[in-house]
Amino acid sequence: MIRLAFTILAGVVLGLVVHLVSVLALPRIATQDAYSRLTPMTRLNGVTQLPLADPNTSPMPFMDPAFALAICRYDLSDGPIKLTVPVSQAYTSVSFYTRNEIAYYAINDRSAGKKVIELDLMTEAQHNGLPEDEEVTAADRLIIDSPSTTGLIVMKALAAEPGLMPQAQGSLAAASCGPQTEQPAKAEAPRGRR
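Residues numbered from 1 in each chain as written. Predicted model: local features only at pLDDT ≥ 70, side-chain atom pairs only at ≥ 80, totals over all residues. Heavy atoms only, no water.

Here we look at the packing of aromatic side chains
Line of reasoning, step 1. Following the criterion strictly, the structure yields 2 aromatic pairs and no others.
Line of reasoning, step 2. For the ring pair F96 and Y104, a centre distance of 6.0 Å and an interplane angle of 45° mean the geometry is tilted.
Line of reasoning, step 3. Look at F96 and you get buried, because its relative accessible area is 0%.
Line of reasoning, step 4. Members of the aromatic cluster, joined through ring pairs, are F96, Y104 and Y105. (Phe/Tyr/Trp six-rings, centres within 6.5 Å; stacked < 30°, edge-to-face > 60°. Buried < 20%, exposed > 50% of the residue type's maximum accessible area, 1.4 Å probe, protein only.)

Structure, rendered in structure tokens:
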């Protein structure tokens, strides 16, 4: 009886170990992940709008037909990128993913509090290389540290009614994602009164 219980317990433990290893290894060995699927149809460091959700032709599973969707496939090896997304009439969100589909940051129009979501994306090393005295620009800019040099930025705009889809697509068409051309300005030391 004890031998049977030990065999069953060993089988259950072995099954749990195999299940855990396969679940953790699957994202690393999958060949058709989101990044691989979107690479042929998107530009590097540029915004590409995806077609509206259709069960037969959707590039990604479970796309919501009420959202217009745009992708920026980024590579930070040449430097930081600047992302600008005008907010739509109903709702706009921006989500950041590493190359291995790990979500590390998200922002929407309500938390941005502006008519345009504007931010700088860079690696931690690039962020550490910014000038030390950046008090002025730190208040004006949102800087996101990416844990990897490559990844995806997913921009979504809600069309609350089917007739508002062109407006949602238009707000994403005006989005930009590209290399940062300007260097951060150094904050000037306050001048005393004479």
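Quick word on unusual backbone geometry
Line of reasoning, step 1. A positive phi angle, near 55°, is found at N45, a position not held by glycine.
Line of reasoning, step 2. By the element assignment, N45 lies in the loop between α2 (34-38) and β1 (47-49).
Line of reasoning, step 3. Of the residues examined, N45 reaches a relative accessible area of 18% and is grouped as buried.
Line of reasoning, step 4. In this structure, E101 is a non-glycine residue whose phi angle is positive, near 65°.
Line of reasoning, step 5. Mapped onto the secondary structure, E101 falls in the loop between β4 (92-98) and β5 (103-108).
Line of reasoning, step 6. With a relative accessible area of 40%, E101 lands in the partly exposed category. (Helix = DSSP H or I, 4+ residues; strand = E, 2+ residues; numbered from the N terminus.)

Some remarks on the nonpolar core
Line of reasoning, step 1. Core analysis: the largest hydrophobic core is formed by 25 residues, its most contacted members being L83, V85, V94, L121, I153 and M155.
Line of reasoning, step 2. Mapped by element, the contributors of at least two residues to this core are β2 (67-75), β3 (81-86), β4, β6 (116-123), β8 (150-158) and α6 (165-173).
Line of reasoning, step 3. In terms of residue count, β2 provides more of this core than any other element does, 4 residues in total.
Line of reasoning, step 4. In contact with I153, other than residues within four places in its own chain, are A70, I71, C72, Y74, I81, L83, V94, S95, F96, L121 and C177. (Core = buried A, V, L, I, M, F, W, Y, C linked by side-chain atoms within 4.5 Å. Contact = heavy atoms within 4.5 Å.)

Quick notes on the state of the cysteines
In protein structure, a disulfide is the covalent linkage between the sulfur atoms of two cysteines.
Line of reasoning, step 1. Inspection of every chain in the model, using the stated rule, returns 1 disulfide.
Line of reasoning, step 2. Linked covalently through their sulfurs, C72 and C177 form a disulfide whose S-S length is 1.9 Å. Between C72 and C177, the disulfide has an S-S torsion of -50° and is therefore left-handed. Separated by 105 residues along the polypeptide, C72 in strand β2 and C177 in strand β9 (residues 176-179) bring together distant segments of the chain.
Line of reasoning, step 3. Residue C72 is classed as buried on the basis of its relative accessible area of 0%.
Line of reasoning, step 4. For C177, a relative accessible area of 6% translates into the label buried. (Disulfide = S-S within 2.5 Å.)

Comments concerning α6
Line of reasoning, step 1. Turning to α6, its buried residues number three or more, namely M165, A168, S171 and L172. Taken around the axis of α6, the buried residues stretch over an arc of 125°, which confines them to a single face. Turned more than 90 degrees away from the buried face of α6, the exposed residues are P166 and A173.
Line of reasoning, step 2. Summarising the contacts, the buried residues of α6 are in contact with β1, β2, β3 and β8. (Arc of directions from axis to C-beta.)

Let's talk about the layout of surface pockets
Line of reasoning, step 1. Looking at the largest pocket, its volume works out to about 380 Å³.
Line of reasoning, step 2. When residues of the lining of the largest pocket are traced back to their parent elements, those giving at least two are α2, β2, β4 and β8.
Line of reasoning, step 3. Here the residues of the lining of the largest pocket are counted per class, giving 14 nonpolar, 1 polar and 3 charged. (1 Å grid on protein atoms, 1.4 Å probe; cavity = no way out; pocket = protein on both sides within 12 Å on 5 of 7 lines; lining within 4 Å. Points joined across faces, edges and corners; volume = space filled by probe spheres on them. Nonpolar A, V, L, I, M, F, W, Y, C, P; charged D, E, K, R; others polar.)

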